[in-house]
Structure formats: C-alpha cells, structure tokens
Amino acid sequence: RVADCMVKVGEVYSTSQNSDQLYVLQFVTRDTTQLNSDVVAIWKMSTETWQSYSYDTLPEPDLFLHTTVLAGIRQSLWHKIGTAEIVDFHKVKFKSDAQDSLDIDDPDERESRIWHVWKIGKKWKTIKKALFDDESIYPGAAFPPEMVDYIVKHGHRALFDSGL
C-alpha cells in the first residue's frame, strides 16, 4: 500500500514519461536546517540515454529542489524505479528572496536584491548580489510534488515567467 511506504535516501523515482523524455529524481537528503523538507536531485533526458546509465554511475543532476517525496508517491506522481548511490549534494546552493516582492521586469531591482543563500545542513547567509539569473543556485522553497513536475517540464525560470 502506498500509504504504508517509507522513503529512503538513495531511492530513484520516475516522475513522468512520454515516448522520448524521462524525468527521474533521487531522494538525496532531508534539509532539516532550512526548509525541513526532502531534497531531490533531478534528471531530464531521453529514455534511451537514461537506459545507458547504471545506478552506480548516475550523471550530474540537472537540478536540485526541496519537496516532500512521500506526497509525490501518494499522489501517484512518482514511481520507484530503483536505488542508487547518492549523488554529491554538499556543494549545492539554494537561494530565496529576502525581500517581500520582486519586479522581475525591473533590471535595477533584479541587480539590487537581498538574498538568503545556503547549502544543505548549513545556516543561510544574507547577501546583496545579482543572483536572480544565476542558475547555478537553485530556488530555495519547498515545492509541492505537482509543482516539481511543472518545474522539471518547464525549467525553474518558468516559475517567474508564468506568474506562479
């Protein structure tokens, strides 16, 4: 039964699949320091490419996000496909806007924002720097599973472009 399942670090899930694309996530850790949520590594690639990898040699993830893995399983959005060695997440950084609102169409405001930036398990630092367009620092929010699927399909810039 889905309601009885326990998720374990290292488990790999398929999020959605069409004939050409496969979206895969791995539960890598729980971030109890900042968002008290699960952190997942995400890959988006062709089904053929994914099949060329073994669970011992996963490629560099395309994205890291915070979510609740068990909720995605219970909603039947994610289905376990295996277990793998956990990808390295220790250098991954997340950012969140430290101010109340952001006019993304105003370049001056995008340059002068104050951000909270952190690594998993570490305290955040407040910095004033142009991070809005820095895609090496991932969005720092705990996303519901259906939003994770949206981000995987459309990219994390789509969160801002769509007005979500």
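Parameters at a glance
Residues numbered from 1 in each chain as written. Predicted model: local features only at pLDDT ≥ 70, side-chain atom pairs only at ≥ 80, totals over all residues. Heavy atoms only, no water. Patch = residues over 30% accessible without salt bridge, like charges linked within 9 Å, V, L, I, M, F, W, Y side chains within 5 Å. Areas by Shrake-Rupley, 256 points an atom, 1.4 Å probe, with all protein chains shown as cover. Salt bridge = Lys/Arg side-chain N within 4 Å of Asp/Glu carboxyl O. Lys, Arg positive; Asp, Glu negative; His and termini not counted. Charge placed at Lys NZ, Arg CZ, Asp CG, Glu CD. Helix = DSSP H or I, 4+ residues; strand = E, 2+ residues; numbered from the N terminus. Buried < 20%, exposed > 50% of the residue type's maximum accessible area, 1.4 Å probe, protein only. Polar contact = N/O pair within 3.5 Å; in protein donor to acceptor, adjacent residues only side chain to side chain. Contact = heavy atoms within 4.5 Å. Pairing = 2+ DSSP bridges. Axes fitted to C-alpha atoms, helices over the stretch in contact; angles between N-to-C directions.

Undergrad: Describe a positive patch on the surface, with residues and values.
TA: The grouping of Lys-91, Lys-93, Lys-119, Lys-122, Lys-125 and Lys-129 at the surface amounts to a positive patch. Looking at the secondary structure, you find Lys-125 in strand β8 (residues 125–128). Judged by relative accessible area, Lys-125 falls into the exposed class, the value being 60%.

Undergrad: Can you explain the side chain of Asp-38? Please cite residues and give values.
TA: For Asp-38, the position within the fold is in strand β3 (residues 37–46). There is a polar contact of 2.7 Å between the side chain of Asp-38 and the side chain of Arg-30. Those residues in contact with Asp-38 that sit more than four places away from it in its chain are Phe-27, Thr-29, Arg-30, Leu-65, His-66, Thr-67, Thr-68, Val-69 and Leu-70.

Undergrad: Could you give me a rundown of unusual backbone geometry, with the residues and numbers involved?
TA: Phi is positive for Asn-36, close to 45°, though the residue is something other than glycine. Relative to the helices and strands, Asn-36 resides in the loop between β2 (21–31) and β3. What makes Asn-36 partly exposed here is its relative accessible area of 49%. At Ser-76, a position not held by glycine, the phi torsion is positive, near 60°. Following the sequence through the fold, Ser-76 ends up in the loop between α2 (69–74) and β5 (79–83).

Undergrad: Kindly report on the sheet that holds strand β9 (residues 137–139), identifying the contributing residues and their values.
TA: One open sheet accounts for four strands, arranged β8-β7-β6-β9; its pairing is mixed. Since the sheet does not close on itself, it has two edges, and those belong to β8 and β9, each with one partner. Taken over all neighbouring pairs, the strand axes of this sheet differ in orientation by 40° on average, direction set aside. Relative to β8, strand β7 (residues 114–119) runs antiparallel, the two being bridged by four bridges. From the neighbouring strand, Trp-115 faces β8, where its bridge partner is Ile-127.

Undergrad: With reference to specific residues and values, describe the side chain of His-66.
TA: Looking at the element boundaries, His-66 is found in strand β4 (residues 63–67). A residue is classified by how much of its surface remains accessible, and His-66, at 0% relative accessible area, is buried. Reaching out from His-66, the side chain makes a polar contact with the side chain of Asp-31 at a distance of 2.9 Å. In this structure His-66 touches Asp-31, Leu-35, Ser-37, Asp-38, Val-39, Phe-94, Trp-118, Ala-141, Ala-142 and Phe-143, once residues within four positions along its chain are discounted.

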